[in-house]
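Here are the chains, one letter per residue:
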Amino acid sequence: MNEIVSAVCMILGTFFSLIAAIGVVRFPDLYLRMAAGTKAGTLGAGLNLLAVAAYYNNIEVTTKVMAAILFFIITAPVGAHMIGRAAYLTGVKLWSGSVRDDLKRDLKILREKPKS
Amino acid sequence: MQLFLWNMLLAFIYAAISDNFTPPSFAFGFLIGYVVLLVSTRGTKSRKYFGGLKHLISFLFYYLGEFFAASLRVTWDVISPKPKMRPGIIAVPMDCNTAGEINLLANLITLTPGGISIEVSEDQKTLYVHEMYLEPGKDPVKAIKEGLERKVLQVMR
């Protein structure tokens, strides 16, 4: 039973990691690549860790797995946010198919306003 | 918060004195402790914890559902030969005030596939989000405000 749950988690986890890797190569600009990479990567790593917990099924391994997943969930979005912010403010362009950019509009207003 | 610590303590004691210290017995101890606290704090002021826990559980299920739906969507776009994305950056006016609320909302948006929070405006009232799917008919700002932000505020307040 444990082995079946573990195997299913592991297969799904590696599948999402593969999807993340393909997405990083295929998507057109940095923001979309990060969207594919960070999220599917978190899901893939989390599922693989769960597979380990399900296989061993004892408290020491389970608490370590919970801690590892917690730290993934805390750190991944902070990293993605900082990379995205740095990229935008240093002028990395959006993909030509993008339909809307509110930040550009608002930054322009801010820059035209004289500093008080 | 104090009641939560009490609940954890009760769960821990239950798991320790029942012979097997495993995650299921801890969860069962937590459940028993919850009912005991629910009964024993009747009539006192510290009732907020019980409502909060209900919100927290409903929020967890809502978020997991959103997370998997969005993951499948991104997965499909990665595999399909012609991706149908319409990305863009939207400005979301926030009702969140404190740093903790803004932090939680921004991180949760970044964690769902398809959205990355890029920047918080200097007056901390607007959040700029890079969204992967902006459908022509729908208002993405409204979707975030009425979905995720409402749930976050329910949990935090």
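Residues numbered from 1 in each chain as written. Chains lettered and ligands numbered in written order. Predicted model: local features only at pLDDT ≥ 70, side-chain atom pairs only at ≥ 80, totals over all residues. Heavy atoms only, no water.

1. Things to note about the overall build of chain A
Which entries qualify depends on this criterion: Helix and strand assignments come from DSSP, with helices taken as H or I runs of at least 4 residues and strands as E runs of at least 2, each series counted from the N terminus. The quantity called the radius of gyration is restricted to C-alpha atoms. Its globule counterpart is 2.2 Å times the number of residues to the power 0.38. Contacts between residues were defined by any pair of non-hydrogen atoms, one from each residue, lying within 4.5 Å. Only the protein chains shown count as cover for residues, and all accessible areas are computed by the Shrake-Rupley method using a 1.4 Å probe. When charges are counted, neither His nor the chain ends are considered; positive counts come from Lys and Arg and negative counts from Asp and Glu. A charged residue contributes its charge at one atom only: NZ of Lys, CZ of Arg, CG of Asp or CD of Glu.
In terms of helices and strands, chain A carries four helices and one strand. Against the globule reference of 13 Å for 116 residues, chain A gives a C-alpha radius of gyration of 20 Å, more extended than a compact globule. Put simply, of all contacts in chain A between residues at least 6 apart along the chain, 59% involve residues at least 24 apart. Summed over its atoms, the accessible surface of chain A is roughly 7100 Å², and 69% of this surface lies on carbon and sulfur atoms. In chain A, 13 positive and 7 negative side-chain charges are present, and the distance between their average locations comes to 9 Å.

2. With respect to the packing of helix α1 (residues 2–26) of chain A against helix α2 (residues 30–56) of chain A
All names here are of chain A. Our working definition: Angles shown run from 0 to 180 degrees and are taken between the N-to-C directions of axes, each axis being a line fitted to C-alpha atoms and, for helices, limited to the stretch in contact. For classification purposes, angles smaller than 35 degrees are called roughly parallel, those larger than 145 roughly antiparallel, those between 65 and 115 roughly perpendicular, and all remaining angles oblique. Left-handed is the label given to a crossing in which the near helix is rotated counterclockwise from the far helix by less than a right angle, and right-handed is the label when the rotation is clockwise. Only Asp, Glu, Lys and Arg are considered charged in this grouping, and only Ala, Val, Leu, Ile, Met, Phe, Trp, Tyr, Cys and Pro are considered nonpolar; every other residue, Gly among them, is considered polar.
Two elements in contact, α1 and α2, have axes whose closest approach is 7 Å; the angle formed by their N-to-C orientations is 165°. Comparing the axis directions of α1 and α2 gives the class roughly antiparallel. Read as a crossing pair, α1 and α2 show a hand that is left-handed. Grouping the amino acids of the contact of α1 with α2 by side-chain chemistry returns 16 nonpolar, 10 polar and two charged.

3. Structural notes on the sheet that holds strand β2 (residues 115–120) of chain B
Inclusion rule: At least two bridges found by DSSP between two strands is the condition for calling them paired.
Pairing in this open sheet of four strands is mixed, and the strands run β1(A)-β1(B)-β3(B)-β2(B) from one edge to the other. Two strands close off the open sheet at either side, each with one partner strand: β1 (100–101) of chain A together with β2 of chain B. Both β1(A) and strand β1 (residues 88–93) of chain B contribute to a ladder of two bridges, which runs parallel. Directly across from D101(A), in β1(B), lies its bridge partner I89(B). Lying on the sheet, α2(A) is in contact with β2 and β3 (126–131) of chain B; it crosses β2(B) at an angle near 120°. Together, β1 of chain A together with β1 and β2 of chain B form the strand contacts of helix α3 (residues 59–89) of chain A, whose direction differs from that of β2(B) by roughly 60°.

4. Considerations on the pairing of β1(B)
Residue and element names in this part refer to chain B. Short version of the rule: Each residue gets one of three labels from its accessible area relative to the maximum for its type: buried under 20%, exposed over 50%, partly exposed in between, using a 1.4 Å probe on protein chains only.
Most of β1 sits inside the fold, with five of its six residues counted as buried. With six bridges joining them, β1 and β3 adopt antiparallel strand pairing. Paired with P93 across the strands is T126, a residue of β3.

5. Remarks on the domain arrangement of chain B
Cut-off, in case you're wondering: Domain delimitation in this document rests on an assignment produced automatically or drawn from a domain database.
By domain assignment, chain B separates into domain 1 (2–40) and domain 2 (48–156). Taken over C-alpha atoms, the centre of domain 1 of chain B sits 33 Å from the centre of domain 2 of chain B.

6. Digging into the confidence of the model for chain B
Residue and element names in this part refer to chain B. Operational definition: One number per residue, pLDDT, summarises how confident the predictor is, and it ranges from 0 to 100.
Summing up the model confidence of chain B, the mean pLDDT is 79 and the portion of residues at 70 or higher is 93%. Ranking the elements of chain B by mean pLDDT puts helix α5 (residues 140–156) last with 77 and β3 first with 84. As scored by the predictor, the complex reaches a pTM of 0.73 and an ipTM of 0.74.

7. Some details on the nonpolar core
Keep this limit in mind: Buried Ala, Val, Leu, Ile, Met, Phe, Trp, Tyr and Cys residues that are joined via side-chain atoms within 4.5 Å together make up what is termed a nonpolar core.
By size, the foremost hydrophobic cluster in this structure holds 21 residues, and its most contacted members are F27(A), Y88(A), L103(A), M85(B), I118(B) and M132(B). Going through the elements one at a time, α2, α3 and α4 (102–112) of chain A together with α3 (48–79), β1 and β2 of chain B are the ones with two or more residues in this core. The leading source of residues in this core is α2(A), at five residues. With sequence-adjacent residues up to four places away left out, M132(B) is seen in contact with F27(A), L32(A), A35(A), V74(B), M85(B), R86(B), P87(B) and G114(B). One finds I90(B), M94(B), L105(B) and L153(B) within the second-largest nonpolar core, a separate group that totals 20 residues.

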